Amino acid sequence: MSAADPEAELTPSRDEFFWLGAINKASTVINTDEGLLDPALAPRIAAGLRAVLRAGDRPGGQRPVLVITFEPLLIEAAGVEATLLHAGRSSQDMLATVRAAILRDELLRLAGQLRQTTGTMVRMAAAHAGTIVPNYTNGVAAQPNSYGHYLLGHVAGLERDAARLRELYARLDRSPMGTTVLNGTSWPLNRDRMARYLGFAATVDNAYDAAQIAAAEIPVELGALATAIALHAGAFIQDVMVQYAQPRPWILLREGSGNTYVSSAMPQKRNPGLLNDVRSEASRVATLGIGRAIQAHNIPPGMNDAKDVRDNVAVLSGATRMLAGWERILTALVISPERALEELNSDWTASQEVADVLMRAHRLPFRVGHHFASDVVSHAKAHDIRPSDFPYAEARRIYAATLAAMNLPVGELPMSEAEFRAALDPVAIIRNRATAGGPQPAEMARMLAAAHQTLAEQAAWIQARRQRIDSALAGLDVDFARLADGA
């Protein structure tokens, strides 16, 4: 589904019609209890409202999305007295509440997919904790790393996205109802009870803020969240895409099932269709996300430019689809540890370890060791020598030349041949890392345990929010039914 198909973005059960109905049900119950609605009229109004809602739930039934198109149906069903429900209300606060409720549902849906995709990545990280692969900086092979450690780096980014989502949710989960247009109303509305019936954690405190400031600001924040997730997805996909330009990649998509497709002209090609599709979705999400700021820019408070619920839902639903696609990529990846190790051993991505060992074990200044290792790499590349084949005698000669070039006293290379070879072993380098947060087994175990704990906390957070909304709406239905059944 594309962002150009906005009508299909909202689930019928909780679209604008649903939330307008919920607001009217809550107004009927609360205003009756608070003495703002004549108890003698309340059952008839409630029965008429129930008839409108039931009709809208039938196939082909009318489901108006605006207050001014919903109200005529209510008048027809219950009489003009039904407009007594409009005491202290406005389209401004009603639609601001509808939008917040819909975006709240979509944000929880995004949270669920974000957690699911992150969980798949964590499981992959555990499976590939010992898979040693090249990592790249500036588009060039830089150092060996555990593929599991690389994945946990992406997990850390997604965990920050989840934290941003929770922070955004806390600001969104505030009911604007009862603020009317700008400065409230002379009617003593029970805003707190309304918020509870609609499943909101609290109310928007300032009446002017509710529909004029926050309603235009929140879309910009959700656009920023979606854009951040899209940037993470795009970076991961581009890393995999680089391999498709290689004659012998160490990571590919499993063929078939829509993951890849054959070129119409070149039979040898296996185009990474899934990568292309999800990257395109990420670009679309980033475009829509940034667009929320553009639409909200340079307009006076209260304008509707950035408030359109379907535009905003398109950003969140696009991010949800993108994450689902990213998860599909993860499950379709085929990694060859042997080919990855071959690439590492055919290049000099372990050369920094030579300088580190000279400094750590032999107290040589790092810049001297770095100079020596760089000269070794230059000589090797000029003579097409692999790390495993580099002559130890040549290393000794280069070391002596390095000392001379840096005006240092003559000396022998302090590394033995065995030590020199071990420093160029990618597997040993990963195993011997000592940095907190590194790819060594102990740290991988610690970080994987922490990631599983975070996933469990995310699941509990999502479940608690969904349950609060569902329980609140169920309670509203019980109280409303009691009124409507009295008609």
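Residues numbered from 1 in each chain as written. Predicted model: local features only at pLDDT ≥ 70, side-chain atom pairs only at ≥ 80, totals over all residues. Heavy atoms only, no water.

**Focus on the packing of helix α7 (residues 207-243) against helix α9 (residues 309-332)**
As a reminder, the rule being used: Fitting a line to C-alpha atoms yields each axis, with helices limited to the stretch in contact; the angle taken between N-to-C directions then spans 0 to 180 degrees. A helix here means a DSSP run of H or I that spans at least four residues, while a strand means a run of E at least two residues long, and both kinds are numbered starting from the N terminus. In this scheme, roughly parallel covers angles under 35 degrees and roughly antiparallel covers those over 145, while 65 to 115 is roughly perpendicular and the rest are oblique. In a left-handed crossing the near helix is turned counterclockwise from the far helix by less than a right angle, and in a right-handed crossing that turn is clockwise. Between two residues, a contact is recorded if the distance between any of their heavy atoms is within 4.5 Å. Charged residues are taken to be Asp, Glu, Lys and Arg, nonpolar residues to be Ala, Val, Leu, Ile, Met, Phe, Trp, Tyr, Cys and Pro, and polar residues to be all remaining types, Gly included.
Their axes nearest at 10 Å, the elements α7 and α9 cross at an angle of 20 degrees. Between α7 and α9, the interaxial angle falls into the category roughly parallel. Every pair of crossing elements has a handedness; the one defined by α7 and α9 is left-handed. For the pair α7 and α9, contact is made by Pro219, Leu222, Gly223, Ala226, Ile229, Ala230, His232, Ala233, Phe236 and Ile237 and by Asn312, Val315, Leu316, Ala319, Met322, Leu323, Trp326, Ile329 and Leu330, respectively. Residue classes in the contact of α7 with α9 are distributed as 16 nonpolar, three polar and no charged.

**So, unusual backbone geometry**
Phi is mostly negative for residues that are not glycine, and the peptide bonds are mostly trans. How we decide: Relative accessibility under 20% of the residue-type maximum defines a buried residue, over 50% an exposed one, and the middle range a partly exposed one, all with a 1.4 Å probe and only protein chains included.
Positive phi is not limited to glycine here, since Asn138 has a value of about 55 degrees. Looking at the secondary structure, you find Asn138 in the loop between β1 (132-137) and β2 (140-146). One non-glycine residue, Ser257, adopts positive backbone phi at about 55 degrees. With respect to the helices and strands, Ser257 occurs in the loop between β5 (251-253) and β6 (261-262). Judged by its relative accessible area of 70%, Ser257 falls in the exposed class.

**Looking at the pattern of salt bridges**
Convention followed: For salt bridges, the criterion is a side-chain nitrogen of Lys or Arg within 4 Å of an Asp or Glu carboxyl oxygen.
Inspection of every chain in the model, using the stated rule, returns 27 salt bridges. In this structure, Arg164 and Asp161 form a salt bridge, with 2.7 Å as the shortest nitrogen-oxygen distance. Remark: Asp161 and Arg164 occur in helix α5 (residues 147-172); sequence separation between them is three residues, near one turn of the helix. Between Arg171 and Glu221 there is a salt bridge, with the nearest N and O atoms lying 2.5 Å from each other. Within this pair, whereas Arg171 is found in helix α5, its partner Glu221 is found in helix α7, the two being separated by 50 residues in sequence. Classification of Glu221 as partly exposed rests on a relative accessible area of 21%. One network of salt bridges, in which partners are shared, links Arg248, Arg339, Glu342 and Glu343.

**Details of α5**
The test is simple: An expected span of 1.5 Å times one less than the residue number is assigned to each helix. Under the rule applied, a polar contact is a pair of N or O atoms within 3.5 Å (in protein, one hydrogen donor and one hydrogen acceptor; residues adjacent in sequence only if both atoms are side-chain atoms).
Over its 26 residues, α5 runs 37 Å from end to end, which matches the ideal 38 Å to within 8%, given 1.5 Å per residue. Of the residues flanking the start of α5, the one acting as N-cap is Ser146, its side-chain oxygen 3.1 Å from the backbone nitrogen of Gly148.

**Let's talk about the packing of aromatic side chains**
What counts is decided by this rule: Stacked, tilted and edge-to-face are the three classes applied to pairs of Phe, Tyr and Trp rings, where Trp contributes its six-membered ring and a pair requires centres within 6.5 Å; stacked means planes under 30 degrees apart, edge-to-face means over 60, and tilted covers the rest. Two conditions define a charge sitting above a ring: the NZ of Lys or the CZ of Arg must be within 6 Å of the ring centre, and it must be within 35 degrees of the ring normal.
One pass over the full model with this rule turns up eleven aromatic pairs. An aromatic cluster is defined as three or more aromatic residues linked by ring pairs; in this entry it consists of Tyr147, Tyr150, Phe236, Trp250 and Trp326. In this arrangement the basic side chain of Arg104 is found over the ring face of Phe200, its NZ or CZ atom lying 4.1 Å from the centre.

**Considerations on the nonpolar core**
Rule in force here: To form a nonpolar core, buried Ala, Val, Leu, Ile, Met, Phe, Trp, Tyr and Cys residues must be joined to one another through side-chain atoms within 4.5 Å.
Ranked by internal contacts, the top residues of the largest apolar core, which has 104 residues, are Trp19, Leu107, Leu110, Tyr147, Phe236, Ile329 and Leu333. Excluding its chain neighbours within four sequence positions, the residues that come into contact with Leu110 are Leu165, Leu225, Ile229, Leu316, Ala319, Thr320 and Leu323. Counting 25 residues, the second-largest nonpolar core is a separate cluster that includes Trp348, Val357, Ala373 and Val377.

**Re a nonpolar patch on the surface**
Filter applied, for reference: Like charges are joined within 9 Å and nonpolar side chains (Val, Leu, Ile, Met, Phe, Trp, Tyr) within 5 Å, but only among residues with over 30% relative accessible area and no salt bridge; these make up the patches. Residue-level accessible areas treat just the shown protein chains as cover; the underlying method is Shrake-Rupley with a 1.4 Å probe.
Where nonpolar side chains cluster on the molecular surface, the patch consists of Val65, Leu66 and Ile68 and spans about 260 Å² of accessible area. Relative to the assigned elements, Val65 resides in the loop between α2 (42-57) and α3 (67-78). Residue classification places Val65 among the partly exposed positions, given a relative accessible area of 33%.

**Considering helix α4 (residues 91-127)**
End to end, α4 covers 54 Å across 37 residues, agreeing with the expected 54 Å (1.5 Å per residue, within 8%). Counting buried positions along α4 gives 28 out of 37 residues, so the element sits mostly inside the fold. Looking at where α4 begins, the residue whose side-chain oxygen comes 3.0 Å from the main-chain nitrogen of Gln92 is Ser90.

**Quick notes on the confidence of the model for the protein chain**
The predicted coordinates should not be examined in detail at positions where pLDDT is low. Let me state the cut-off plainly: In predicted models, pLDDT denotes the confidence assigned by the predictor to each residue on a 0 to 100 scale.
In the predicted model, the protein chain carries a mean pLDDT of 93, and the fraction of residues at 70 or more is 96%. Scored below 50 in pLDDT, residues 1-12 makes 22 contacts in the model with residues more than four places away or belonging to other chains.

**Overview of the pairing of β2**
The side chains of a regular strand alternate between both faces of the sheet. How we decide: We call two strands paired when DSSP finds no fewer than two bridges between them.
Relative to β2, β1 runs antiparallel, the two sharing six bridges. Among the inter-strand pairings, Asn135 is bridged to a residue of β2, identified as Gln143. A loop of two residues connects β1 with β2, the two strands running antiparallel in sequence, and Asn138 in this loop sits at a positive phi of about 55 degrees.

**As for the side chain of Thr320**
Mapped onto the elements, Thr320 comes out in helix α9. Residue class for Thr320 comes out buried when judged on its relative accessible area of 6%. For Thr320, the residues in contact, after removing those within four places along its chain, are Arg109, Leu110 and Gln113.

**A few points about the packing of α5 against helix α16 (residues 441-484)**
Two elements in contact, α5 and α16, have axes separated by 11 Å at closest approach and are oriented at 25 degrees. The angle between the axes of α5 and α16 places the two elements in the roughly parallel class. You can see that α5 and α16 cross each other, and the crossing is left-handed. Counted together, Gly148, His149, Leu152, Val155, Glu159, Ala162, Leu165, Arg166 and Tyr169 of α5 and Met444, Met447, Leu448, Ala451, Thr454, Gln458, Trp461, Arg465, Arg468 and Ile469 of α16 form the full contact between these two elements. Among the residues making up the contact of α5 with α16, the classes are represented as eleven nonpolar, four polar and four charged.

**Description of the side chain of Thr28**
For Thr28, the position within the fold is in helix α1 (residues 16-33). Of note is the side chain of Thr28, whose polar atom sits 2.7 Å from the backbone oxygen of Asn24. Sequence-distant contacts of Thr28, that is, excluding residues within four places in its chain, are made with Leu37, Ala42, Ala46, Leu49, Leu85, Phe480 and Leu483.

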